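Structural description and commentary
Residues per chain, in single letters:
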Amino acid sequence: MKKSMFYLVKYEVLNNLYNGYSFFFGAVFPIFLMVMISKGALNDVPAEAKLEATASILIGMSMIIPLSTMFLGYAASFSNELEKDVPTRLSLFGLSGTRLFLGKLIANFIFLTFCLALYLIGTLSFVKVATPKPVAAVVWIVSMYLISAFCLALAHGIANMIRRFGITYGIVMAVYFTIMGLGGMMGVRLKDLPVGLQTVSKLFPFTHFGNGYIDFWMGKTYNFAPFVQSLIFFAAVSIGVMMISFKIRGRKA
């Protein structure tokens, strides 16, 4: 069984690497956006504040990685498998839905780590950022993996309920760009949004990394309460959607 899990994880990792959606949006797109925005939007920023401003963009753009790999990419690949009834065929070889989900989770965390490393190498090769306090860097990385797990749960639930690649991909792509837009990852600052949209944006943890987390990064006072509340909300929504999909589909995935 350990050998079968190893091959499953290996297959899922390679599937992500060869998946154009996951690789482009999870590895290439965030590097491009971060470098483009930091080079183009900070020309008028004073030199003494530029490193801090660039670091803020680095943190905010990093949230594209879990959104792309664990949400968009996973939903696309899993819905395609469900449409072709792949999980049912794998169950004939002793791979239960739980083991299949565990294997996908491990593989996607490996791919996430690869994308994060590529993001840091790709961006820091072109721009300089303010050095973070060690605890701020640790919280950032740990939070990213935690948020990624919730993204995968949400993607799994949506794909499991719909079970059609085209419809699933359309829905998750709309959610993906909506969260990016509201979270300031498309170049529109949070304070420039209408008040109502600002309230909605703050419900998601992605927003807080690009808007305020830089204070903690620089060792300043930072109020964690809004971020923790958004994390709890996003966890409840993600796990709730996945549980509902299990109930609707009779735990077939």
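In short, a report on the structure. No experiment lies behind these values; they were computed from the predicted model shown. (Residues numbered from 1 in each chain as written. Predicted model: local features only at pLDDT ≥ 70, side-chain atom pairs only at ≥ 80, totals over all residues. Heavy atoms only, no water.)

**Some words on helix α4 (residues 64-83)**
With 20 residues, α4 should reach 28 Å at 1.5 Å per residue; the first-to-last C-alpha distance of 27 Å fits that figure. The sharpest bend along α4 measures roughly 35° and falls at tyrosine 74. Among the 20 residues that make up α4, 18 are buried, leaving the element largely enclosed by the rest of the structure. Two residues or fewer after α4 comes aspartate 85, characterised by a positive phi angle close to 60°. (Helix = DSSP H or I, 4+ residues; strand = E, 2+ residues; numbered from the N terminus. Expected span 1.5 Å × (residues − 1). Bend = angle between axes of the 7 residues up to and from the residue. Buried < 20%, exposed > 50% of the residue type's maximum accessible area, 1.4 Å probe, protein only.)

**Details of the packing of aromatic side chains**
Evaluated as defined, the whole model comprises 20 aromatic pairs. Ring centres of phenylalanine 216 and tyrosine 222 lie 6.2 Å apart, and the angle between their planes is 25°; this geometry places the pair in the stacked category. Considered together, phenylalanine 216 and tyrosine 222 belong to a single accessibility category, that of buried residues. Taken together, the ring pairs connect Phe209, Tyr213, Phe216, Tyr222, Phe224 and Phe227 into an aromatic cluster. (Phe/Tyr/Trp six-rings, centres within 6.5 Å; stacked < 30°, edge-to-face > 60°.)

**Focus on the state of the cysteines**
Considering all chains together, one arrives at zero disulfides under this definition. Among the cysteines around cysteine 151, which has no disulfide bond, cysteine 115 carries the closest sulfur, lying 13 Å off. On the basis of relative accessible area, cysteine 151 is assigned to the buried category, the value being 1%. (Disulfide = S-S within 2.5 Å.)

**Comments concerning the environment of valine 195**
Along the chain, the position of valine 195 falls in helix α9 (residues 195-201). Judged by its relative accessible area of 65%, valine 195 is exposed. Here the alpha-carbon distance between valine 195 and valine 237, two residues 42 residues apart in the chain, equals 23 Å.

**A short note on the nonpolar core**
One broad trend across soluble globular proteins is that nonpolar side chains are buried collectively. If you look at the biggest cluster of nonpolar residues, it comprises 65 residues, and the most contacted ones within it are Met61, Tyr176, Met185, Phe206 and Tyr213. Beyond its immediate chain neighbours, meaning those up to four positions away, methionine 185 contacts Leu33, Gly60, Met61, Met63, Ile64, Leu67, Ile179, Met180 and Phe206. One finds Met5, Val9, Val13 and Ala107 within the second-largest nonpolar core, a separate group that totals six residues. (Core = buried A, V, L, I, M, F, W, Y, C linked by side-chain atoms within 4.5 Å. Contact = heavy atoms within 4.5 Å.)

**Observations regarding the pattern of salt bridges**
Counted by the stated rule, this structure contains three salt bridges. The partner of lysine 104 in a salt bridge is glutamate 81, with the nearest N and O atoms 2.8 Å apart. Remark: glutamate 81 occurs in helix α4 and lysine 104 occurs in helix α6 (residues 97-124); sequence separation between them is 23 residues. In this structure glutamate 81 comes out as buried when scored by relative accessible area, which is 9%. (Salt bridge = Lys/Arg side-chain N within 4 Å of Asp/Glu carboxyl O.)

**Some thoughts on helix α2 (residues 20-41)**
Each α-helix turn comprises 3.6 residues. Residues three or four places apart therefore point the same way. Where α2 bends most, at phenylalanine 29, the angle is about 40°, and the proline proline 30 comes one to four residues later. Burial in α2 covers these residues: Ser22, Phe25, Gly26, Ala27, Phe29, Pro30, Ile31, Leu33, Met34, Val35, Ile37 and Ser38.

**A closer look at the packing of α4 against helix α7 (residues 134-162)**
Across the interface, α4 lies against α7 with an axial gap of 8 Å and an inter-helix angle of 25°. Classified by the interaxial angle, the pair formed by α4 and α7 is roughly parallel. You can see that α4 and α7 cross each other, and the crossing is right-handed. Where α4 approaches α7, its residues Pro66, Met70, Phe71, Tyr74, Ala75, Phe78, Ser79 and Leu82 are matched on the opposing element by Met144, Ser148, Cys151, Leu152, Leu154, Ala155, His156, Ile158, Ala159 and Asn160. Per-class residue counts for the contact of α4 with α7 are 14 nonpolar, four polar and no charged. (Axes fitted to C-alpha atoms, helices over the stretch in contact; angles between N-to-C directions. Parallel < 35°, antiparallel > 145°, perpendicular 65-115°, else oblique. Left-handed = near helix turned anticlockwise from the far one by under 90°. Nonpolar A, V, L, I, M, F, W, Y, C, P; charged D, E, K, R; others polar.)

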